Amino acid sequence: QNCGAGNGIVIQGGSSPSIQYNTITNNYFHGIVVPYNSGGNMPLIHGNTITYNGPTNYVGIIVDNCPVEVSSNTVHHSAGGIYSVNYGYIRSTDFASYYDQGNNIVTNTNLALLADGNSYMYMGTTAGSEVIYFYGACNHIYNNGYNAVSNYGGYLIAQGNWWGSASPDPAKFSTYQGTLD
């Protein structure tokens, strides 16, 4: 992940901080990186604005082999939006909301959401057997090359979100040996 100079914020060492209300822009690599951060509680990444990161292959928020909660972040004009890789685990909730909505905005990226390498990403799912509300939903994901991709055992659930239209283009969703719902 290139965890040294050139990233915006790196969370590591078994820590569980709250990364909140930052503006991260024009980094050479990723905006927020969470690599192999085992132990402690799930770090919260909330209310950040991440723009224009990485020239070609870099991501607004990338989680590698650890759990993270993301809510109310804005990621745009980066090569990638929010990625969970190598057994990573991302859930989208808003700790301040009664209905636990995600409220993330990901626009103008090549690939907005990615679950890859046996990773999990919950960016909106129904609550129980009755569809009363969506847990972690209400994310706005649009104007991207691809909106959501799941590869190599990745598991991406993204229900109850805005994809730029009431009937989003199916070509903007892809899976290869993964699960996408």
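For the structure itself, consult the block above.
If you're wondering where the values come from, they're calculated on a predicted model, not measured in any experiment.

### Focus on the environment of V33
Part 1: Considering the arrangement of structural elements, one finds V33 in strand β4 (residues 32-35).
Part 2: Note: C-alpha distance between V33 and G60 (27 residues apart in sequence) is 8.4 Å.

### Re the sheet that holds strand β20 (residues 173-176)
Part 1: The strand order across the open sheet built from 7 strands is β1-β4-β7-β10-β13-β18-β20, with neighbouring strands paired in parallel fashion. The sheet is open, and its two edges are formed by β1 (9-10) and β20, each paired on a single side.

### Describing the nonpolar core
Part 1: If you look at the biggest cluster of nonpolar residues, it comprises 26 residues, and the most contacted ones within it are I61, I82 and L113.
Part 2: Those elements giving two or more residues to this core turn out to be β4, β7 (59-64), β8 (67-71) and β13 (111-116).
Part 3: No other element matches the 3 residues that β13 contributes to this core.
Part 4: Contact partners of I61, with chain neighbours within four places excluded, come to I32, I45, I50, V70, N73, V75, G81, I82 and Y83.
Part 5: By size, the runner-up hydrophobic cluster in this structure holds 8 residues, among which are V59, Y83, L111 and L114.

### Considerations on the sheet that holds strand β12 (residues 105-107)
Part 1: Strand order in the open sheet formed by 5 strands is β3-β6-β9-β12-β17, with parallel pairing between adjacent strands. Since the sheet does not close on itself, it has two edges, and those belong to β3 (23-25) and β17 (140-142), each with one partner. The mean angle between the axes of side-by-side strands here comes to 5 degrees, regardless of whether they run parallel or antiparallel.
Part 2: With 3 bridges connecting them, β3 and strand β6 (residues 49-51) associate as parallel partners. Bridge pairing in β6 places T25 opposite T51.

### As for the environment of V10
Part 1: Take V10: it is sitting in strand β1.
Part 2: Expressed as a C-alpha distance, the spacing of V10 and V34, which sit 24 residues apart in the sequence, is 5.9 Å.

### Some words on the pairing of β8
Part 1: Within β8, 4 of the 5 residues are buried, which leaves it mostly tucked inside the rest of the structure.
Part 2: Sheet topology places strand β5 (residues 44-46) next to β8; 3 bridges connect them, and they run parallel. Residue I45 lies in a different strand from β8, and its bridge partner there is V70.

### Quick look at the packing of aromatic side chains
For any pair of aromatic rings, geometry is given as the distance between the ring centres together with the angle between the planes.
Part 1: Here the structure, examined in full by the defined rule, presents 8 aromatic pairs.
Part 2: Where Y122 meets Y155, the ring centres are 5.9 Å apart and the plane angle is 65 degrees; that geometry is what we call edge-to-face. Separated by 33 residues along the polypeptide, Y122 in strand β14 (residues 120-122) and Y155 in strand β19 (residues 155-157) bring together distant segments of the chain.
Part 3: Arranged with centres 5.3 Å apart and planes meeting at 75 degrees, the rings of Y152 and Y176 form a pair that is edge-to-face. Linking Y152 in the loop between β18 (146-151) and β19 with Y176 in strand β20, this pair joins segments that are 24 residues apart in sequence.
Part 4: Owing to a relative accessible area of 45%, Y176 belongs among the partly exposed residues under this scheme.
Part 5: Ring-pair connections join several aromatic residues into one group, and the members of that group are Y89, Y120, Y122 and Y155.

Calculation criteria
Residues numbered from 1 in each chain as written. Predicted model: local features only at pLDDT ≥ 70, side-chain atom pairs only at ≥ 80, totals over all residues. Heavy atoms only, no water. Helix = DSSP H or I, 4+ residues; strand = E, 2+ residues; numbered from the N terminus. Pairing = 2+ DSSP bridges. Core = buried A, V, L, I, M, F, W, Y, C linked by side-chain atoms within 4.5 Å. Buried < 20%, exposed > 50% of the residue type's maximum accessible area, 1.4 Å probe, protein only. Contact = heavy atoms within 4.5 Å. Axes fitted to C-alpha atoms, helices over the stretch in contact; angles between N-to-C directions. Phe/Tyr/Trp six-rings, centres within 6.5 Å; stacked < 30°, edge-to-face > 60°.

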